[in-house]
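# Observations on the model geometry
Listed below, chain by chain, are the residues.
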Amino acid sequence: KAGVTQTPRYLIKTRGQQVTLSCSPISGHRSVSWYQQTPGQGLQFLFEYFSETQRNKGNFPGRFSGRQFSNSRSEMNVSTLELGDSALYLCASSRGGGEGYTFGSGTRLTVV
Amino acid sequence: DQQVKQNSPSLSVQEGRISILNCDYTNSMFDYFLWYKKYPAEGPTFLISISSIKDKNEDGRFTVFLNKSAKHLSLHIVPSQPGDSAVYFCAASRRTLNAGNMLTFGGGTRLMVKP
């Protein structure tokens, strides 16, 4: 069975630009969560979507947003990019009952 | 406020010996704990989990112990193999109805298994 697919794998953007990352969950998984990994802050929760609704939100500024489509695929958007947004962005999917989180390989975003 | 802590940033063990990775948490509402293994530029890979109603869970070479009174969990790898060299993250969550999926991660421990 296919795993969690994140696209693109690598991305380079300029400060001030915006970016959209995509995540396709495992078939049958209705929950998609996003995490940011940086050397200084470790793995931090961004937000979670379940059945197209944001169910949880981490402590990130409003420049970070997301959405989920009816097929459970999710997108994450970061506007007005800052150098500090350079990170590995990870998506995890699950059925939604609180266990069985499977992570994708991530998107490495570099802001220059 | 770091709710999940892994106080050892690195650990080095000899192949064949036991690796013990530790994790402490402060939030007593956490009721489900997970260990993930991670290689650079890849997503974390699930290893083993434990519910707060248990104090031990075993899966092959991996065993997780939970001490709720001490708010402490540990991952034992026996025997350790060079392929186990990676960064290990513990994570915690609260599995109540409609609470959703939100993992709080520790800072990670880099395990190096020497041949």
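Just above sits the structure.
Calculation criteria
Residues numbered from 1 in each chain as written. Chains lettered and ligands numbered in written order. Predicted model: local features only at pLDDT ≥ 70, side-chain atom pairs only at ≥ 80, totals over all residues. Heavy atoms only, no water. Salt bridge = Lys/Arg side-chain N within 4 Å of Asp/Glu carboxyl O. Buried < 20%, exposed > 50% of the residue type's maximum accessible area, 1.4 Å probe, protein only. Contact = heavy atoms within 4.5 Å. Polar contact = N/O pair within 3.5 Å; in protein donor to acceptor, adjacent residues only side chain to side chain. Helix = DSSP H or I, 4+ residues; strand = E, 2+ residues; numbered from the N terminus. Nonpolar A, V, L, I, M, F, W, Y, C, P; charged D, E, K, R; others polar. Core = buried A, V, L, I, M, F, W, Y, C linked by side-chain atoms within 4.5 Å. Pairing = 2+ DSSP bridges.

## With respect to the pattern of salt bridges
Residues and elements named next belong to chain A.
- Applying the stated criterion across every chain yields a total of six salt bridges over all chains.
- Across the pair Glu48 and Arg55 runs a salt bridge, and its minimum N-O distance is 2.8 Å.
- Residue Glu75 is joined to Arg73 by a salt bridge in which the shortest nitrogen-to-oxygen separation is 3.4 Å.
- Looking at Glu75, the relative accessible area reads 17%, which means it is buried.

## A short note on the interface of chain B and chain A
- At the interface, 19 residues of chain B touch 22 residues of chain A.
- At the boundary of chain B and chain A, one finds three residue pairs in polar contact (both at pLDDT 80 or more).
- The set of elements that each furnish at least two residues to the side of chain B that touches chain A consists of strand E4 (32-38) and strand E9 (86-93) of chain B.
- Of all the elements, E4(B) adds the most residues to the side of chain B that touches chain A, at four residues.
- Its residues assigned to classes, the side of chain B that touches chain A shows 11 nonpolar, five polar and three charged.

## Details of the nonpolar core
- One finds B:Phe33, B:Trp35, B:Leu73, B:Leu75 and B:Tyr88 to be the most contacted residues of the largest nonpolar core, which totals 23 residues.
- For this core, the elements supplying multiple residues, two or more each, are strand E3 (19-25), E4, strand E5 (45-51), strand E7 (62-67), strand E8 (72-77), E9 and strand E11 (109-114) of chain B.
- It is E9(B) that provides the largest number of residues to this core, a total of four residues.
- In this view, B:Leu73 contacts B:Leu21, B:Asn22, B:Cys23, B:Tyr25, B:Phe33, B:Trp35, B:Val64, B:Phe65 and B:Leu66; residues no more than four positions away in its chain are not counted.
- In this structure, A:Ile26, A:Met76, A:Val78 and A:Cys91 belong to the second largest nonpolar core, which totals 21 residues.

## A word on the pairing of strand E4 (residues 31-38) of chain A
Residue and element names in this part refer to chain A.
- Within E4, eight of the eight residues are buried, leaving the element largely enclosed by the surrounding structure.
- With eight bridges joining them, E4 and strand E5 (residues 42-50) adopt antiparallel strand pairing. Considered in E5, the bridge of Gln37 is made with Leu43.
- Counting the residues in the hairpin turn of E4 and E5 gives three residues.
- One ladder, built from seven bridges, connects E4 with strand E9 (residues 87-94); its direction is antiparallel. In the strand pairing of E9, Ser31 is matched with Ser94.

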